[in-house]
Amino acid sequence: MWYQTKAAEILGIQYPILQGPFGGNLSSVELVATVSNLGGLGGFGAYTLSPQEILQVNQQIRLATDKPYNINLWVSDTDAVDGTVSDEQFNRAQQLFKPYFEELGIELPGKPEPFKSRFENQVEVILHQRPPVFSFMFGSPSADILEQCHRLGIVTVGAATTLDEAIVLEAAGVDMIIASGFEGGGHRPSFLASAETSTIGTFVLLQLTREKVKVPVIAAGGIANGKGVAAALALGADAVQIGTAFLATAESNATAIHKQMLLSDAAKYTTLSRAYTGRLGRGITSRIAKDLVSLEKDFLPFPLQTSFMSHLRKAAMASEKWDMVLFWGGQIAPVLKHTKAAELMRAILEETNSYFDNLKI
Ligand SMILES: Cc1cc2nc3c(=O)[nH]c(=O)nc-3n(C[C@H](O)[C@H](O)[C@H](O)COP(=O)(O)O)c2cc1C
């Protein structure tokens, strides 16, 4: 059967379908449990959570499902040298964004406190709580952490945006690799070359990776239905990871307007921009993203740009200025039909089954 893949076997799941984890408070326990209970692998993006919050989320997931699930972190979670920027750099960014703050009638925020990486403390909870699967992006954890995961029976899954990154992850001892194509919603998790020069489509990256690495490869980016799953499997994927389609369902923690936007005509156009967080990510094209396309050198490094832009986002949401908000989403959004996660999951399985059944005739 199409679903009996090496990845499904290692992950201990019935169907090789992963619900993409969402960072930035967009994941939900309900979504994770719905997907895992239906035989896929639910995923929770935890990179903005404190260790205590990760512990709680892990406990809540365990209460909601007895099936395997995934918790996701960002190995590298800052680009700011010493966690901060010079006053001069901050002032330049303030000047750049001033017109938008004026338009919304809000004060420009002060310089954010220096940011300290959270990964080391977060990963302690992973090792202590032992979720069945630990996935990560923006690099590979140290050999020691991967070694401990293996010893504790935690399956490790790393994201690559280029063949070179896939090779580095395999050499580090990661169990499975996500071939993360540039169609996908959210951040480009590049960690060797710049994200701007690592914009390969899912199906090319999948094939290049399949040829050169031995561990199972999971295709992510631009997959939202059974035909997409079948195509990925035909090209050598061991599993798929689906983000945008699950983000649009009632069970995700995205706001109602975000889901509405993903299911609207607006989702026909997406942009890769650093404007919102300081790292390159794909969302529905907005006025701000368009305006700022050539001014990236004055943005603050990740995550300081986020703390700055969150004020703008809050005010724009409150005054319903949707063209000033980034609604994360991938290029596949215009094909979305389902607003309930269980319906989406069942439809994907039915479509994939019928695709492979028809091949036999
Ligand atoms: C809003 C949003 C947030 C995301 N956050 C994360 C994250 O924190 N960690 C991660 O590994 N992947 C993250 N992703 C990537 C997804 O897990 C998945 O790989 C991707 O969405 C697949 O492409 P698709 O959107 O075309 O389905 C995010 C995607 C979106 C849309």
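Please refer to the structure higher up on the page.
Note that the coordinates shown come from a computational prediction; the quantities given were computed from them, not determined experimentally.

So, unusual backbone geometry
Of the consecutive residues F302 and P303, the connecting peptide bond is found in the cis state with omega at 0°. Mapping P303 onto the fold places it in the loop between α12 (287-291) and α13 (304-318). Of note in the backbone geometry, D82 takes a positive phi value of approximately 60° without being a glycine. You can see D82 is positioned in the loop between β3 (69-74) and α4 (87-104).

Description of the nonpolar core
Generally speaking, a soluble globular protein has its nonpolar side chains buried in company with each other. Ranked by size, the top nonpolar core spans 97 residues in total, and within it I17, F97, F134 and F246 carry the most contacts. Those residues in contact with F246 that sit more than four places away from it in its chain are Q19, F22, L31, V35, S252, A341, L344 and M345. One finds A8, I13, L18 and F302 within the second-largest nonpolar core, a separate group that totals 20 residues.

Quick look at the packing of α4 against α13
The interhelical angle for the contact between α4 and α13, taken along N-to-C directions, is 5°, at an axis separation of 10 Å. In this view, α4 runs roughly parallel relative to α13, as classed from their interaxial angle. Facing F90, A93, Q94, F97, Y100, F101 and L104 of α4, the residues of α13 in contact are Q305, F308, M309, H311, L312, A315 and A316. Considering only residue class, the contact of α4 with α13 consists of 11 nonpolar, three polar and no charged.

Some remarks on the pattern of salt bridges
Across all of its chains, the model carries 13 salt bridges by this definition. Between R279 and D79 there is a salt bridge, with its nearest N and O atoms 2.7 Å apart. One end of the pair, R279, is in the loop between β10 (270-273) and β11 (281-284); the other, D79, is in the loop between β3 and α4, with 200 residues separating them in the sequence. The class of R279 is buried, set by a relative accessible area of 5%. With relative accessibility at 38%, the residue D79 sits in the partly exposed group. A salt bridge links E103 to R287; the shortest N-O distance between them is 2.7 Å. On the criterion of sequence distance, the pair formed by E103 in helix α4 and R287 in helix α12 is long-range, its members being 184 residues apart. A relative accessible area of 35% means that E103 is categorised as partly exposed. The structure contains a network of salt bridges with shared partners spanning E88, R92, K297 and D298.

Points about the pairing of β11
Summarising the sheet, strand β7 (residues 186-187) and β11 pair through two bridges and their orientation is antiparallel. What sits directly across from H187, in β11, is G281. Across four bridges, the pairing between β10 and β11 is antiparallel. Bridging from a neighbouring strand, T270 pairs with I284 of β11.

Details of the site of the ligand
In the vicinity of the ligand lie 22 residues, with N72, G222, Q241, G243 and T244 positioned nearest. Here G243 contributes a backbone N or O atom positioned 2.8 Å from an oxygen atom of the ligand. Within the contact set of the ligand, an oxygen atom lies 2.5 Å away from a side-chain nitrogen or oxygen of T244. Burial of the ligand by the protein amounts to 95% of the accessible area it has alone, namely 610 Å². For the shell around the ligand, the elements supplying multiple residues, two or more each, are β3, β9 (239-242) and α10 (244-247). A breakdown of the residues in the shell around the ligand according to their chemical character gives 11 nonpolar, 11 polar and no charged.

Calculation notes
- Residues numbered from 1 in each chain as written.
- Predicted model: local features only at pLDDT ≥ 70, side-chain atom pairs only at ≥ 80, totals over all residues.
- Heavy atoms only, no water.
- Helix = DSSP H or I, 4+ residues; strand = E, 2+ residues; numbered from the N terminus.
- Core = buried A, V, L, I, M, F, W, Y, C linked by side-chain atoms within 4.5 Å.
- Buried < 20%, exposed > 50% of the residue type's maximum accessible area, 1.4 Å probe, protein only.
- Contact = heavy atoms within 4.5 Å.
- Axes fitted to C-alpha atoms, helices over the stretch in contact; angles between N-to-C directions.
- Parallel < 35°, antiparallel > 145°, perpendicular 65-115°, else oblique.
- Nonpolar A, V, L, I, M, F, W, Y, C, P; charged D, E, K, R; others polar.
- Salt bridge = Lys/Arg side-chain N within 4 Å of Asp/Glu carboxyl O.
- Pairing = 2+ DSSP bridges.
- Near = heavy atom within 4 Å.
- Polar contact = N/O pair within 3.5 Å; in protein donor to acceptor, adjacent residues only side chain to side chain.
- Areas by Shrake-Rupley, 256 points an atom, 1.4 Å probe, with all protein chains shown as cover.

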